[in-house]
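Listed below, chain by chain, are the residues.
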Amino acid sequence: MSAHSATRRCTTLVLGSGVAGLTYALRAAQYGPILILTKKFRSDSSTNRAQGGLAAVLDPTDSFDLHVADTLEAGAGLCRRDVVEIVVREGPALVRSLTELGAAFAHSADDSDGLDLGLEGGHSRRRIVHSKDRTGQEIESTLLAAVAEHSEITLLEQHLALDLWVGEGGGGLRCYGASFLDQETGVTGLVRADHTMLSTGGCGKVYRYTTNPDIATADGVAMAARAGCSLGNMEMVQFHPTCLHHSEAKNFLISEAVRGEGAVLRNLAGEEFMNDRHPLGSLAPRDVVAREIDRETKRRGDKFVLLDTTGIGEDRFTERFPAISARLLEYGIVAGRDPIPVVPAAHYMCGGVAVDLDGRTEIDGLFAAGEVAFTGVHGANRLASNSLLDASVLPDRAGAIAP
Ligand code: SIN
């Protein structure tokens, strides 16, 4: 490595400040000082954008077997069943621990003790724990508050990781930390760490149309590939069916939970075209819906399809999806009344840096979790709201490993 003007030492280095990096940091802090580097500001992450929620088996009519079966079905034969089982079984405990940390999830109107469980595409039961349409923001702010209070954790904003520091060690490759650029001062530096966690998110910005924030540029994938890690499943990029189609709107997602509450897709002739394409109609798994929208717009020569939310109605829409309805109003669309023009857009990278069940990459001392990692849990197509679950459960396991 070339000389750098700033060198730091910590036990564990975390790259990225979404749910995976923060969850890992909170667990790994038991072993010594943690440094989190994030390339923009602390809450600039895909987590913060997640509207829908966190899938967990909490309803008495639901079961782990059903959630596992739905995940495998959506993954189209490419999921690793052992990882799916682990992730699904931890769902209820995760909801409890986030609630204990202070996350406020929505309760059902008729039972103040019970959580309101939403429905999304591909789920055979209501199991989406949510904070209306700001679930990611609620989880992110809860984790950031816990990190801010932790005496062993330091978070530096505007610090862009440049490359992993990898060399020979213990008979193979070992990661010793990473180099970074402080974007405020222009100074480069080096962090030496016993463990390094890549939690840098996905690759949505490779695509012109995406639901992802601007930070989703796959830096972590590139750094890991340069260092010699295997990548897997990279061809499996999920498209979300319902991104707002509007000339002034940049990357605005209309949550799948809107269809879970009764909205339906129609072509510009008013036909509910999904009814002929899948038994679950507009609530089919999202890869099916995205493909069918693409097929329908090409067949008819249209630029978009319409999301009909009249079945939800204005009042209920505004109550259940306040952020979406406020944003739509900025474009003159009254949610619950007006049809919403939507198109599919790149949403989630199902592949990534190959890891084992504890988040270890092939390089000693280097871990990966969240969207950057290829765990096998999502297969060819991630089941809706399984990402906040996977990005919490697996880094928590990785954080338990002593350096
Ligand atoms: C959504 O709210 O539709 C997105 C949820 C997800 O990507 O799982």
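Note that this is a predicted model, so its numbers are computed, not measured.

Student: Just to check I follow, could you spell out the overall build of the chain for this structure?
Tutor: Along the backbone of the chain there are twelve helices and 19 strands. A globule of 403 residues ought to have a C-alpha radius of gyration of about 22 Å, and the chain, at 21 Å, matches this closely. Each of the three principal axes of the chain carries a C-alpha extent, and together these read 65 × 45 × 40 Å. Among the 403 residues that make up the chain, the fraction classed as buried is 59%. Residue pairs at least 24 apart in sequence account for 71% of intrachain contacts in the chain once pairs closer than 6 positions are excluded. For the chain, the exposed surface amounts to about 16,100 Å²; the carbon and sulfur share of it is 49%. Between the centroid of the 39 positive side chains of the chain and the centroid of its 53 negative side chains there is a distance of 4 Å.

Student: Before we go on, may I ask you to explain the packing of aromatic side chains in this structure?
Tutor: The geometry of an aromatic ring pair comes down to the distance between the two centres and the angle between the two planes. One pass over the structure, following the stated rule, counts four aromatic pairs. With a centroid separation of 6.4 Å and an interplanar angle of 35 degrees, the aromatic rings of tyrosine 24 and phenylalanine 367 are classed as tilted. Linking tyrosine 24 in helix α1 (residues 19–28) with phenylalanine 367 in strand β18 (residues 366–368), this pair joins segments that are 343 residues apart in sequence. Each ring, one from phenylalanine 317 and one from phenylalanine 321, has its centre 5.1 Å from the other, and the planes form 55 degrees; the classification is tilted. Both residues of the pair, phenylalanine 317 and phenylalanine 321, belong to the buried class. It is arginine 174 that lies over the ring of tyrosine 176; its NZ or CZ is 5.8 Å from the centre. We note arginine 382 situated over the ring of tyrosine 348; from NZ or CZ to the ring centre the distance is 4.2 Å.

Student: What is the right way to look at the site of the ligand in this model?
Tutor: For the ligand, the full set of nearby residues is Gln51, Gly52, His240, Leu253, Ser255, Glu256, Arg286, His347, Arg382, Ala384 and Ser385. Note that an oxygen atom of the ligand is positioned 2.6 Å from one of the side-chain N or O atoms of histidine 347. Contact distances for the ligand include 2.7 Å between an oxygen atom and a side-chain N or O atom of arginine 382. Alone, the ligand offers 260 Å² of accessible surface; in the complex the protein occludes 95% of this. Classifying every residue of the shell around the ligand gives two nonpolar, six polar and three charged.

Student: Sorry, what's going on with unusual backbone geometry here?
Tutor: Phi is mostly negative for residues that are not glycine, and the peptide bonds are mostly trans. A positive phi angle, near 55 degrees, is found at alanine 76, a position not held by glycine. Relative to the helices and strands, alanine 76 is located in the loop between α3 (64–74) and α4 (81–89). Of note in the backbone geometry, asparagine 251 takes a positive phi value of approximately 50 degrees without being a glycine. Relative to the assigned elements, asparagine 251 resides in the loop between β13 (237–244) and α8 (256–260). According to the relative accessible area criterion, asparagine 251 is buried, its value standing at 13%.

Student: Got a minute to help me understand the pairing of strand β10 (residues 172–182) in this structure?
Tutor: Among the eleven residues of β10, eight are classified as buried, and the element is accordingly described as predominantly covered. Connecting β10 to the next strand, strand β11 (residues 188–198), in antiparallel fashion are five residues, including glycine 186 with a positive phi near 80 degrees.

Student: Looking at this model, I keep getting lost on the sheet that holds strand β14 (residues 264–266). Mind explaining?
Tutor: Strands pair in a sheet through their backbones, by hydrogen bonds, and they do so in one of two ways: parallel or antiparallel. In space, the four strands of this open sheet follow the order β13-β16-β15-β14, with antiparallel pairing throughout. In the strand order of this sheet, the two ends are held by β13 and β14, each with one partner. Ignoring which end each strand starts from, the neighbouring axes of this sheet average 45 degrees apart.

Student: It is not clear to me how α4 should be interpreted in this structure. Could you clarify?
Tutor: In an α-helix there are 3.6 residues to a turn, and that puts residues three or four apart on one side. Of all the positions in α4, only Val83, Val84, Glu85, Val87 and Val88 are classed as buried. Next to the buried residues of α4 lie α3, α5 (91–101) and α12 (387–399).

Student: I tried to follow the environment of arginine 80 on my own but got confused; where do I start?
Tutor: The topology assignment puts arginine 80 in the loop between α3 and α4. Once the C-alpha coordinates of arginine 80 and glycine 379 are considered, the two residues, 299 residues apart in sequence, prove to be 7.1 Å apart. Leave out the neighbours within four places in its chain, and arginine 80 touches Leu357, Thr375 and Gly376.

Student: Whenever I open this one, the packing of α3 against α4 confuses me. Can you help?
Tutor: A pair of packed helices is characterised by two quantities: the angle between their axes and the separation of those axes. One way to put it is that α3 packs onto α4 with a least axis distance of 10 Å and a crossing angle of 130 degrees. Judged by the inter-axis angle, α3 sits oblique to α4. In the crossing of α3 with α4, the sense of the turn from one axis to the other is right-handed. For the pair α3 and α4, the contacting residues are Phe64, Asp65, His67, Val68, Thr71 and Leu72 in the first and Arg81, Val84, Glu85, Val88 and Arg89 in the second. Of the residues that constitute the contact of α3 with α4, the class distribution is five nonpolar, two polar and four charged.

Student: Explain the environment of alanine 93 to me, please; I cannot follow it from the model alone.
Tutor: Relative to the assigned elements, alanine 93 resides in helix α5. The spatial distance from the C-alpha of alanine 93 to the C-alpha of valine 57 is 10.0 Å, given a sequence separation of 36 residues.

Cut-offs and rules
Each chain has its residues counted from 1, following the order in which its sequence is written. Since the coordinates come from a predicted model, pLDDT governs what is reported: local features require at least 70, and pairs of side-chain atoms require 80 or more to be given and counted, while whole-chain, interface and lining totals use all residues. Note that the side-chain values use all heavy atoms of the structure and ignore hydrogens as well as water. Secondary structure elements follow DSSP: runs of H or I of four or more residues count as helices, runs of E of two or more count as strands, with numbering from the N terminus. All radius of gyration figures rest on C-alpha atoms, and the globule criterion is 2.2 Å times the number of residues raised to 0.38. Note on classification: 1.4 Å probe, protein chains only; a residue is buried when its accessible area is under 20% of the maximum for its type, exposed when over 50%, partly exposed between these limits. Contacts were defined at the residue level, with two residues in contact if any of their heavy atoms lie within 4.5 Å. Only the protein chains shown count as covering a residue, and every accessible area follows the Shrake-Rupley method with a 1.4 Å probe. Neither His nor the chain ends contribute to the count of charged residues, in which Lys and Arg are positive and Asp and Glu negative. By convention, the charge on Lys lies at NZ, on Arg at CZ, on Asp at CG and on Glu at CD. Two aromatic rings from Phe, Tyr or Trp, using only the six-membered ring of Trp, form a pair when their centres are within 6.5 Å; if the ring planes differ by under 30 degrees the pair is stacked, by over 60 it is edge-to-face, and anything between is tilted. Lysine and arginine charges are scored as sitting over a ring when NZ or CZ, respectively, is within 6 Å of the ring centre and within 35 degrees of the ring normal. We call a residue near a molecule or strand when any one of its heavy atoms sits within 4 Å of it. Whenever two N or O atoms come within 3.5 Å, that pair is a polar contact, provided that in protein one can donate a hydrogen and the other can accept it, and provided that, for residues adjacent in sequence, both atoms are side-chain atoms. Each residue gets one label: Ala, Val, Leu, Ile, Met, Phe, Trp, Tyr, Cys and Pro are nonpolar, Asp, Glu, Lys and Arg are charged, and the others, such as Gly, are polar. When DSSP finds at least two bridges between two strands, those strands are taken to pair. Simply put, an axis is a line fit to the C-alpha atoms, just over the touching stretch for a helix, and the angle between two N-to-C directions goes from 0 to 180 degrees. Oblique is the label for every angle not falling under 35 degrees (roughly parallel), over 145 degrees (roughly antiparallel), or within 65 to 115 degrees (roughly perpendicular). Left-handed describes a crossing whose near helix is turned anticlockwise from the far helix by less than a right angle; the clockwise case is right-handed.

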